[in-house]
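For reference, the chains in residue letters:
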Amino acid sequence: MAPVGLPDPGLVVLVGPAGSGKTTFARRHFAADETLSSDAYRAIVGHDEADQRATAAAFAALHRQLVRRLVAGSFTVVDATNVERHARRALLVRAQRAGIRAAAIVFDLPPELVLAQNAARVGRIVDPAIVELHLRQLRALLDRGSLAAEGFAGVYRFCDPAEVDAVTIVRG
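Let us look at the structure shown here. Sequence order as written defines the numbering, with residues in each chain counted from 1. Local features in a predicted model are, by the rule used here, given only for residues with pLDDT of at least 70; side-chain atom pairs are given and counted only at 80 or more, and totals for whole chains, interfaces and linings are based on all residues. Values reported for side chains reflect all heavy atoms of the structure, with hydrogen atoms and water molecules removed beforehand.

## Comments concerning the overall build of the chain
Part 1: Looking only at helices and strands, the chain has seven helices and seven strands in total.
Part 2: For the chain, the sequential pattern of α-helices and β-strands runs β-β-α-β-α-α-β-α-β-α-α-β-α-β.
Part 3: Here the globule rule reads 2.2 Å times residues to the power 0.38, and the radius of gyration is calculated from C-alpha atoms. Expected size for 172 residues packed as a compact globule is a radius of gyration near 16 Å; at 15 Å, the chain falls within 12% of this value.
Part 4: In terms of overall dimensions, the chain has a C-alpha envelope of 40 × 40 × 30 Å along the principal axes.
Part 5: Type-normalised accessible area, obtained with a 1.4 Å probe on protein chains alone, sets the label of each residue: buried when under 20%, exposed when over 50%, and partly exposed for intermediate values. By residue count, 45% of the 172 residues in the chain fall in the buried class.
Part 6: Considering only contacts within the chain whose residues lie at least 6 apart along the sequence, 79% involve residues at least 24 apart.
Part 7: To be clear on the numbers: accessible area is Shrake-Rupley with a 1.4 Å probe, and residue cover counts the displayed protein chains and nothing else. Here the chain displays about 8,300 Å² of accessible surface, and carbon together with sulfur accounts for 54% of that area.
Part 8: A residue counts as positive if it is Lys or Arg and as negative if it is Asp or Glu; His and the chain ends are not included. Taken as the charge centre is NZ of Lys, CZ of Arg, CG of Asp or CD of Glu, depending on the residue. Across the chain, 21 positive and 18 negative side-chain charges occur, with their mean positions spaced 7 Å apart. Numbering goes from the N terminus for both helices and strands, where a helix is a DSSP run of H or I of at least four residues and a strand is a run of E of at least two. Throughout, a residue-residue contact means that at least one pair of heavy atoms, one from each residue, lies within 4.5 Å.

Structural data, given as structure tokens:
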């Protein structure tokens, strides 16, 4: 796979179902202070990372911090499922207002792998029915072919775990 070229300053939107490896990827390729994680914000405003009741407050806090970072010209990664258009749109609007380009990294891995990885998580297994919903939402998005038209400067799609493991990130 060719290197993944990301804008810097820039916004990186990770897109994929729960259990697809977004957080592991973010930890491997980006500094902790560059990554805004919906799970981490749930833990801050709720009881723990899996506290779905805290989702609205968590995303409100995440979006406030995102705006601060984008206005400051800080490279930022958003680690959330982002399988719904309104979630991606909210991020893109904030980036555009700040004059920052955005890239999407899509985790389109085999459903059986995603479900197995979710089941193997320690402490925050997502209901398999929710993961299957995420998988259907991602498939519908990719089948429409509309992600590139949403306003991303680049879209990178991983379909195989070997691609995820071998990727090289280049900023510029």
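## Quick look at the packing of aromatic side chains
Each aromatic ring pair is specified by the distance between its two centres and by the angle formed by the two planes.
Part 1: Working definition: rings of Phe, Tyr and Trp (its six-membered ring) pair if their centres are within 6.5 Å, and the pair is stacked with planes under 30 degrees apart, edge-to-face with planes over 60 apart, and tilted otherwise. Using the criterion set out here, one finds five aromatic pairs in the structure.
Part 2: Between F25 and F30 the ring centres are 6.1 Å apart and the planes differ by 65 degrees, which places this aromatic pair in the edge-to-face class.
Part 3: Ring plane angle 40 degrees and centroid distance 5.7 Å describe the contact between F30 and F75, whose orientation is recorded as tilted. Of the two residues, F30 is situated in the loop between α1 (22-29) and β3 (35-37) and F75 in the loop between α3 (55-71) and β4 (76-79); the sequence distance between them amounts to 45 residues.
Part 4: By relative accessible area, which is 6% here, F30 ends up buried.
Part 5: Through a chain of ring-to-ring contacts, three or more aromatic side chains come together here, namely F25, F30, F75, F107 and F158.

## Focus on α3
Part 1: Over its 17 residues, α3 runs 24 Å from end to end, which matches the ideal 24 Å to within 8%, given 1.5 Å per residue.
Part 2: Among the residues making up α3, those that are buried are A58, A61, L62, H63, L66, R69 and L70.
Part 3: If you follow the buried residues of α3, they end up packed against β2 (11-15), β3, α2 (38-45), β4 and α4 (85-97).
Part 4: One or two positions beyond α3, positive phi appears at G73, with a value near 75 degrees. Expected helix span is taken as 1.5 Å per residue step, with the number of steps being one fewer than the number of residues.

## Structural notes on α1
Part 1: Taken as a whole, α1 has its buried residues at K22, T23, F25 and A26. Viewed along the axis of α1, the buried residues span an arc of 160 degrees, placing them on a single side of the element. Working note: the arc is built from the helix axis to C-beta atom directions.

## Re the side chain of H134
Part 1: Structurally, the position occupied by H134 is in helix α6 (residues 128-144).
Part 2: The contact partners of H134, leaving out residues within four places of it in the chain, are P17, A18, T81 and V83.

## A closer look at the sheet that holds strand β6 (residues 154-158)
The pairing of strands in a sheet happens through backbone hydrogen bonds and is either parallel or antiparallel.
Part 1: At least two bridges found by DSSP between two strands is the condition for calling them paired. Taken together, the five strands give an open sheet; going across it, the order is β3-β4-β2-β5-β6, and neighbouring strands pair in parallel fashion. Looking at strand neighbours, the two that pair on one side only are β3 and β6, the edges of this open sheet. Across the sheet, the axes of successive neighbouring strands diverge by a mean angle of 20 degrees, strand direction being ignored.
Part 2: Bridging between β2 and strand β5 (residues 102-107) involves five bridges; their strand directions are parallel. Between N-to-C directions, angles cover 0 to 180 degrees, with each direction set by a line fitted to C-alpha atoms, over the stretch in contact for helices.

## Thoughts on the nonpolar core
Part 1: Joining through side-chain atoms within 4.5 Å is the link that ties buried Ala, Val, Leu, Ile, Met, Phe, Trp, Tyr and Cys residues into a set, and such a set is a nonpolar core. Judged by nonpolar contacts, the single largest core of 25 residues is most densely connected at L11, V15, L66, V78, L138 and F152.
Part 2: Looking at which element gives the most residues to this core, the answer is α3, with five residues.
Part 3: Not counting chain neighbours up to four residues away, the residues in contact with F152 comprise V13, R88, L92, A102, A103, A104 and L147.
Part 4: If you look at the next biggest cluster of nonpolar residues, it comprises 21 residues, including A18, A103, F107 and F158.

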